[in-house]
Each structure stands twice: as structure tokens, then as C-alpha cells.
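A closer look at the structure
Now for the letters of each chain:
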Amino acid sequence: MPILAASGPAEPSKAATQPDKKPMPELPSPYTPNYSRGAVPPATGQPPDVAYGAYQRGQYVTAFREATKRIEANPKDAAAMTLLGELYNQGLGVKQDPVKAAEWYRLAAAQNDAAAMASLGLMALDGRGMPKDTKAGRRWLEQATANGSSTAAYNLGLILIGSGATPDEAAAAAQFRKAADAEIGPAQHDLGVLYLQGRGVPKDPGKAAQWFRRGADNGDLASEVEYAILLFNGNGVTKDERSAARYFLHAASRGNAIAQNRIARLYAAGRGVSKNLIEAAAWNLAAAAQGLSDAWLDQTLSGLSAEERTRAERLANERIEQR
């Protein structure tokens, strides 16, 4: 019985997610509630952007007022236009209105604002604030990427990899690389998957491990789990069961069911951590609560006493409630 299988993902953007659940988008769209990265103004060396600063602090009415004042003073202020688009798109400080949001994004895009182009691309793909138009959405993302938007590059890569066409895999890898170089964790994960599988790039577990490690350092949960698996198996990186266990434990504490299952197996076998059947049972229960059952663990832990089971259940409940 292998303690750990090889890396699990079949497709980029789908690895190390919770079992039997629809994966969440890898990146929040600019109209995700409380998302505050889409309207980042370009670095200009000028004094701080008062309107965007208010937006970051949650002072949305002030952000709307300041952005409006700026546009009145300068009708070509693209950053202010994009910020108004964000506010209307999310319904922050104003009534939510995707159509008005798209209007402001278009005005900003006409001034070559990459964030506005990226937002228009996602809206066209979703049919939000405008008729659904996949081709137009892709064109907007391509323009945004050409203007330096790393998030647009990542989303464009997802479209390419989703086509299923082998030639598009190399193009997807190139887009993921742009976003990965900008330290976007999900892109680093997906690029790592392509290197691990040899899709669009030469198969190279060592490079896969490097990208998973960078993704993990940037807080990407799927990268953390994948890197731990490679560490444990010594695939593309020097085998290190203790370090692997630390990564699994950290990811498990963040609620990842795969990591919870893996650390449970390590505690049950005493690999990378001291053998502890109560901890193994607790993490097994936490994973099972998310739909990831494990017959081997259930059998291995069947000899626990009633008192030990109670302790494990208490620990599991505490961890589930902390998620």
C-alpha cells in the first residue's frame, strides 16, 4: 500500500481541490465580492492615489466620489474609469450595475488600461453586462495580456488549455509562464502541472517542483500539496519525508482534504512524523467530512479505544469548525 500516490492532477487548474466539489475559479474575477486587485493603478511615482486608497480601505463612497472628481478634471483618467467600473461591477458604494461597469471599462480600455481590458474579457466570456461572446472575451484578454496584465495572461492560458488541442498547450504554457513570473500562485501551479505531465513543455519534474514550491510560497494551496507529494516521493527534488509532512500538515490545517488524508496516513505509518494514531484518526475524520474516505485508514485505525476515538472526534470537530 503506497503511503502517497504520484501527483494527482489530470488537468491544470483542477489539482489538489476538494473531492467531489466543483473547483472554484483559480483567480477571482474583477467582480468577485470584495476583490480589490482589478483596479490597481499603474506605478507612476506620483503621490498616492486617494481614490484607490479609499477603495482598498473599504471606503467605497469616498472612492466613488474621488474617482468621479478626477474624471471631471481629466476625462482621460483611465485608472479612475476602471475604478468606477469596479465599483459598479461589485455594487460597492453604488447600486450594482454591470452594464454601467462595462461602459466605464470600455472608456478605460480606449485609454489602453490593461485592467479594464481584462475585466471586459471576463465579462464577455460570462455574458455579464453585455451579450455573451467568447471570441470577444478572448480578444479582450489578448489585448490585456499585450498591455501587461498578468491575470489576463493566466485566464487566457486557461482558455487555451481548455480547448483540448495539443498545439494550444504550448501557447497555454507561455501564458502561464507570464503570470507565473508575476508571482501568481495558481499560474505557478498550473505551469508546474504542465512540466510534470510534459504538456506544452518538455516533461521535467525538477522544474515542476520549482514552480510548485514558488506557488506554495505565494500561498497557493494546490501547489503546496503537489510540492509535498513530490518531496515525499523524491520526484524532481531530493526526497525529504519530514519536509513533506510539514507541507501536508500546513495544507491540512488550511482545510485541504487531500492534505488531510495524506497527513493522516503519515501519522498512521510514522513517516515524516512520529506515529500518532489519534492524530491520524482526527485528520482522517476531517478529510471524510469533505467526502474523501480512505478504507485503508479506516481499517488501520479500527483498533482505537472508545476514549481514543472520542479524543480524535473532538480534534476533528475543532479543525472542521476552524475552516
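My aim in this report is to walk through the structure given alongside it, one point at a time.

How each quantity is defined
Residues numbered from 1 in each chain as written. Predicted model: local features only at pLDDT ≥ 70, side-chain atom pairs only at ≥ 80, totals over all residues. Heavy atoms only, no water. Helix = DSSP H or I, 4+ residues; strand = E, 2+ residues; numbered from the N terminus. Buried < 20%, exposed > 50% of the residue type's maximum accessible area, 1.4 Å probe, protein only. Contact = heavy atoms within 4.5 Å. Phe/Tyr/Trp six-rings, centres within 6.5 Å; stacked < 30°, edge-to-face > 60°.

Here's the deal with the overall build of the chain
When helices and strands are tallied, the chain shows 16 helices and 0 strands. The burial tally for the chain puts 49% of its 323 residues in the buried class. Once local pairs closer than 6 in sequence are excluded, the contacts in the chain between residues at least 24 apart make up 54%.

Section: the packing of aromatic side chains
The tally for this structure, following the rule as stated, stands at 5 aromatic pairs. Seen in terms of ring centroids, Y52 and Y55 are 5.8 Å apart; in terms of plane orientation they differ by 45 degrees. Their pairing is tilted. Here Y52 pairs with Y55, and both are found in helix α1 (residues 50–56), just 3 residues apart, close to one helical turn. Residue Y52 shares its accessibility class with Y55, and that shared class is buried. A ring pair is formed by Y154 and F176, whose centres lie 5.5 Å apart and whose planes are at 40 degrees; its orientation type is tilted. Of this pair, Y154 sits in helix α7 (residues 150–162) while F176 sits in helix α8 (residues 166–181); the two residues are 22 residues apart in sequence, bridging distant segments of the chain. An aromatic cluster of at least three residues, connected via ring pairs, comprises Y52, Y55 and Y60.

Examining the environment of A101
Here A101 is to be found in helix α4 (residues 98–109). For A101, a relative accessible area of 0% gives the class buried. Separated by 20 residues in the primary sequence, A101 and M81 place their C-alpha atoms 9.2 Å from one another. Excluding residues within four positions of it along the chain, A101 makes contact with G85, Y88, N89 and M123.

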